Amino acid sequence: LEGSQIFDFGTAFDGFAMRLFYSRRIGLQPSYQPSAGEHLLNLPKRTTILGAGKLTAHTASGLTVGVLEAVTDEEHATVATPTGQIARRIAAPLSNFSVFRIKKDVLENSAIGGMLTMANRRKHLPTQTGGVDWSLRFANSTYALDGYLAFSHTSLNSKDQVTGTAGRFYAGKIAGEHWVYATTYDFTSRNYNINDIGFFLRPNDRG
């Protein structure tokens with residue numbers, strides 16, 4: 001958990017963020033469904049983490065860097081086949097998760113950054129997500145301009161992949177006397193899917 005805020009992405013003044021990286025994806029219980037006619041007898045409650053490491057740094061010049069790597073083991077489910085036999089099925093393949101985050105302090109109480117994630121599963125096409133985000137303050141932090149642009153590149157099956165996009169723009173007066181105000185616009189495309197390593201459940205939406 002130490003330094004975990006470095007991997008936050010797209011957090012705006014109103015608290016909204018896009019979870020490109022959701023740490024509970026690593027070691028999660030396999031989401032295995034038996035084939036037609038088979039009956040699930042046993043499913044591991046978690047995926048074994050073989051090893052993981054995280055490196056974070058913040059320089060005097062205002063550059064923040066975070067790198068995370070994790071490897072999870074292959075897990076098996078036990079099923080009963082239609083003929084009454086007991087068989088083992090791969091519930092989760094051997095997997096590698098990678099996260100890279102960079103952020104630079106600019107102006108006054110402001111920052112711009114980028115993030116890239118990858119999930120590689122044995123005998124599966126890789127998943128990539130990433131984007132750029134910004135949190136800008138002006139006039140003694142009276143005005144804010146926050147937002148992000150993100151993408152996902154995920155597999156539909158063992159051969160085909162799709163790309164999705166998302167974005168959010170927040171602008172407003174967040175301090176000062178008498179009045180504060182803000183306006184936001186956000187969108188996600190139909191194929192936007194970051195759930196191999198992130199967390200988002202509302203694609204194909206504009207607000």
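Everything in this summary refers to the structure shown in the same document. Keep in mind that this is a model prediction, so the values were computed, not measured.

1. Examining the sheet that holds strand β1 (residues 39-42)
The antiparallel open sheet is built from three strands, whose spatial order is β1-β4-β5. Strand pairing shows two members of the sheet lacking a second neighbour, β1 and β5 (86-92), which therefore form its edges. Put simply, the sheet's adjacent strands are angled 45° from each other on average, direction ignored. Sheet analysis places strand β4 (residues 75-80) next to β5, joined by six bridges and oriented antiparallel. Within the sheet, the bridge partner assigned to Thr 78 lies in β5 and is Arg 88.

2. A word on the environment of Ser 141
Mapped onto the fold, Ser 141 is located in the loop between β8 (127-138) and β9 (143-155). Taking the C-alpha atoms as reference points, Ser 141 and Lys 173, separated by 32 residues in sequence, lie 8.8 Å from one another. Ignoring sequence-local partners within four residues, the contact set of Ser 141 consists of Glu 108, Asn 109, Ile 174 and Ala 175.

3. Considerations on the sheet that holds strand β6 (residues 95-106)
Strands sit in the order β2-β3-β6-β7-β8-β9-β10-β11-β12 across an open sheet of nine strands; the sheet is antiparallel. Looking along the sheet, the strands with just one partner apiece sit at the ends: β2 (49-58) and β12 (205-206). The pairing of β9 with strand β10 (residues 161-173) spans 13 bridges and is classified as antiparallel. In the strand pairing of β10, Phe 151 is matched with Thr 165.

4. A word on the environment of Ala 119
Positionally, Ala 119 belongs in strand β7 (residues 110-121). Overall, the relative accessible area of 1% leaves Ala 119 in the buried class. Apart from the residues within four sequence positions on either side, Ala 119 is in contact with Asn 96, Phe 97, Pro 126, Thr 127 and Asp 196.

5. A few points about a nonpolar patch on the surface
A surface patch of nonpolar side chains, amounting to about 490 Å² of accessible area, comprises Leu 55, Val 67, Phe 100, Ile 102, Leu 116 and Phe 151. Within the secondary structure layout, Leu 116 lies in strand β7.

6. Quick word on the pattern of salt bridges
Within this structure, the stated rule accounts for six salt bridges. With a shortest N-O distance of 2.7 Å, Arg 168 and Asp 14 are connected by a salt bridge. With Arg 168 in strand β10 and Asp 14 in the segment before β1, this pair connects stretches of sequence that are 154 residues apart. For the salt bridge of Glu 38 with Arg 89, the shortest nitrogen-to-oxygen distance reads 2.7 Å. One end of the pair, Glu 38, is in the segment before β1; the other, Arg 89, is in strand β5, and 51 residues separate them in sequence. The partly exposed category is assigned to Arg 89, whose relative accessible area is 28%.

7. Some details on the nonpolar core
Across soluble globular proteins, you tend to see nonpolar side chains buried next to one another. Core analysis: the biggest nonpolar cluster contains 20 residues, and Met 18, Leu 20, Phe 21 and Tyr 192 have the highest contact counts within it. When contributions to this core are tallied by element, the ones reaching two or more residues are β3 (63-72), β6, β7 and β9. Leaving out residues up to four positions away in the same chain, Met 18 has contacts with Phe 9, Tyr 148, Tyr 192, Ile 194 and Phe 200. Residues Tyr 32, Ala 77, Val 79 and Ala 91 belong to the second largest nonpolar core, which totals six residues.

What counts and what doesn't
- Think of each chain on its own: its residues are numbered from 1, step by step along the sequence as written.
- Note on the predicted model: pLDDT of at least 70 is required for a residue's local features to be given, and 80 or more for side-chain atom pairs to be given and counted; whole-chain, interface and lining totals, by contrast, use all residues.
- Note that water and hydrogens are dropped before the side-chain values are worked out from all heavy atoms of the structure.
- In this analysis, strands are considered paired if DSSP registers two or more bridges between them.
- Under the DSSP-based scheme used, a helix requires at least four consecutive residues in state H or I and a strand at least two consecutive residues in state E, with every element numbered from the N terminus.
- Between the N-to-C directions of two axes lies an angle of 0 to 180 degrees, each axis being a line fitted to C-alpha atoms and, for a helix, fitted only over the stretch in contact.
- In what follows, residue pairs with any heavy atoms lying within 4.5 Å of each other are defined as contacts.
- The buried label goes to any residue with under 20% of its type's maximum accessible area, the exposed label to any with over 50%, and the partly exposed label to all in between, with areas taken from a 1.4 Å probe on protein chains only.
- Patches were defined on residues exceeding 30% relative accessible area and lacking a salt bridge, with like-charge contacts within 9 Å and nonpolar side-chain contacts (Val, Leu, Ile, Met, Phe, Trp, Tyr) within 5 Å.
- Reported accessibility uses the Shrake-Rupley method at a 1.4 Å probe radius. Residues are deemed covered only where the shown protein chains occlude them.
- Any Lys or Arg side-chain nitrogen found within 4 Å of a carboxyl oxygen on Asp or Glu counts as a salt bridge.
- Working definition of a nonpolar core: buried Ala, Val, Leu, Ile, Met, Phe, Trp, Tyr and Cys residues. They are joined through side-chain atoms within 4.5 Å.

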